[in-house]
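A look at the structure
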Amino acid sequence: MQDVVTRSDFGELITPVYSPASLIPVRGEGSYVWDADGRRYIDLAGGVAVTGLGHAHPDLVAALGAQSQAIWHIGNVFTNEPVLKLARQLTDATFGDRVFFANSGAEANEAALKLARKFASDRASVNGQKFEIIAFDHSFHGRTLFTVSVGGQPKYSAGFGPLPIGIRHLPFNDVSSACVGISEKTCAVIVELVQGESGVKPAELEFVRALRQRCDEVGALLIFDEVQTGIGRTGCLFAYMDYGITPDILTTAKALGNGFPIGAMITTASIGDHFTAGSHGSTFGGNPLAASVANKVLEIVQRPETLEGVKLRNRICLERLQEINRRINVFSEFRGRGLLIGAELNGNYRGRSAKLVEHAYAAGIFTLMAGPDVLRLAPSLVIPIDVLNDGLAALERAVETFAAE
Ligand SMILES: *Cc1c(COP(=O)(O)O)cnc(C)c1O
């Protein structure tokens, strides 16, 4: 085996589903990351909204270290203490009483969608043919065949047919089409409270209210996909808390393990108990290593100072972005909640978000795109203010070279 690998090995070794940056990050500490050449970057991307507490957080390192010396894996023929504690934390903190653990956002959504179908099927004698799932245009729910079919971006399911049936897409944030489209045939409605991947677009309060009301009228389950918005990202533990509207099922993943893979589906007892022994499962879901890390993540994120800090950092980001834009006008709009921020490129720069991300690397920061027209920032919730300011100063330099190009 060769020990030295470089970026140029990627094409030879990895199925080409990604086109990674030319640099390779090798070490991280807080919101700093170093690449293989020893260059330091400020991370405003958070591993795509995953490392909510930054890199190598000492409390998380300690939690993982301690569990790694206790027990790694025992399978679902046993339960384990970390997973029970984690379920207790999640149910204490939310509307839910039951949790199913998975390894990813897609799997949490897969569980939610299967549960909604099972719930409807168990009551079929009452409701008849009730299997339709309603989702929204431009939504993103993961990459399994089911979740990619439910997602509202046809480019992600193209070529993988035949796709699962009984899925309908409606326009996002359109109250009247939701009221008409959600019917007695609907078993579930799935929605992101901020559409993350497709441009950081928040769901309007009136829209979410209408979904809740219409689901209640027709006996459909409302699923909030909080894979990206959950775990403090928007300034509350889950974004639904800010809306004051409760779902029937909530899914989360990304930041729950701060990079250690784990996903969760949270629901009520009366819905969750339609999954019975053997009806769903996962080898690694609820693994003690992942659960130990997630327990510590939840403990830290739920501290009032963490969540207040997200709101403070949101204001710092927005003020600085507006200032940058007054000097170098490349953006038309800033959107998002908490530390999930989207900056839409204006007409002169449309389609060039990937280019801006490249300039940001050169300026020493990691940023993200959210579709071709939107720059996305998802830094650590606890990024030190001076580091955030340095990062935004670097972003200004990146915008300068981008605009001058
Ligand atoms: C990232 C994401 C997913 C998919 O999560 P994976 O862990 O990649 O499977 C699903 N829904 C939303 C809203 C996401 O942002």
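Rules used throughout
- Residues numbered from 1 in each chain as written.
- Predicted model: local features only at pLDDT ≥ 70, side-chain atom pairs only at ≥ 80, totals over all residues.
- Heavy atoms only, no water.
- Buried < 20%, exposed > 50% of the residue type's maximum accessible area, 1.4 Å probe, protein only.
- Helix = DSSP H or I, 4+ residues; strand = E, 2+ residues; numbered from the N terminus.
- Pairing = 2+ DSSP bridges.
- Core = buried A, V, L, I, M, F, W, Y, C linked by side-chain atoms within 4.5 Å.
- Domains from an automatic or database assignment.
- Expected span 1.5 Å × (residues − 1).
- Contact = heavy atoms within 4.5 Å.
- Polar contact = N/O pair within 3.5 Å; in protein donor to acceptor, adjacent residues only side chain to side chain.

A look at the pairing of strand E17 (residues 374–377)
- Neither face of E17 is left uncovered, since the one carrying Val-374 and Arg-376 and the one carrying Leu-375 and Leu-377 both have all their residues buried.
- Counting the residues that bridge the hairpin from strand E16 (residues 368–369) to E17 gives four residues, and of these Gly-371 lies at a positive phi of roughly 80°.

Comments concerning unusual backbone geometry
- The step from Gly-161 to Pro-162 runs through a cis peptide bond, and the omega angle for that step is 0°.
- Its location among the elements puts Pro-162 in the loop between helix H7 (145–150) and strand E6 (167–170).
- The residue Val-48 is not glycine, and still its phi comes out positive at about 60°.
- Residue placement: Val-48 occurs in helix H2 (residues 46–49).
- Positive phi outside glycine occurs at Ile-231, with the angle close to 60°.

So, the sheet that holds E17
- Taken in spatial order, the four strands make up an open sheet running E13-E14-E17-E16, and their pairing is antiparallel. Edge positions in the sheet fall to strand E13 (331–337) and E16, since each has one partner strand and no second.
- In the sheet, E16 pairs with E17 via two bridges, with the strands oriented antiparallel. Directly across from Met-369, in E17, lies its bridge partner Leu-375.

Considering the nonpolar core
- Residues Phe-136, Leu-211 and Phe-331 are the most contacted members of the largest nonpolar core, which totals 93 residues.
- Both of domain 1 (7–56 + 304–404) and domain 2 (71–301) provide at least three residues apiece to this core.
- With 22 residues, the next largest nonpolar core counts Ala-102, Ala-111, Ala-112 and Leu-113 among its residues.

Things to note about helix H12 (residues 288–301)
- Look at H12: 20 Å from first C-alpha to last across 14 residues, which is about the 20 Å you get at 1.5 Å a residue.
- Within H12, twelve of the 14 residues are buried, which leaves the element mostly enclosed by the surrounding structure.
- Against the buried residues of H12 lie helix H3 (58–70), helix H4 (81–93) and helix H13 (304–327).
- Regarding H12, its N-cap is Asn-287, as a side-chain oxygen of that residue lies 2.7 Å from the backbone nitrogen of Leu-289 further along.

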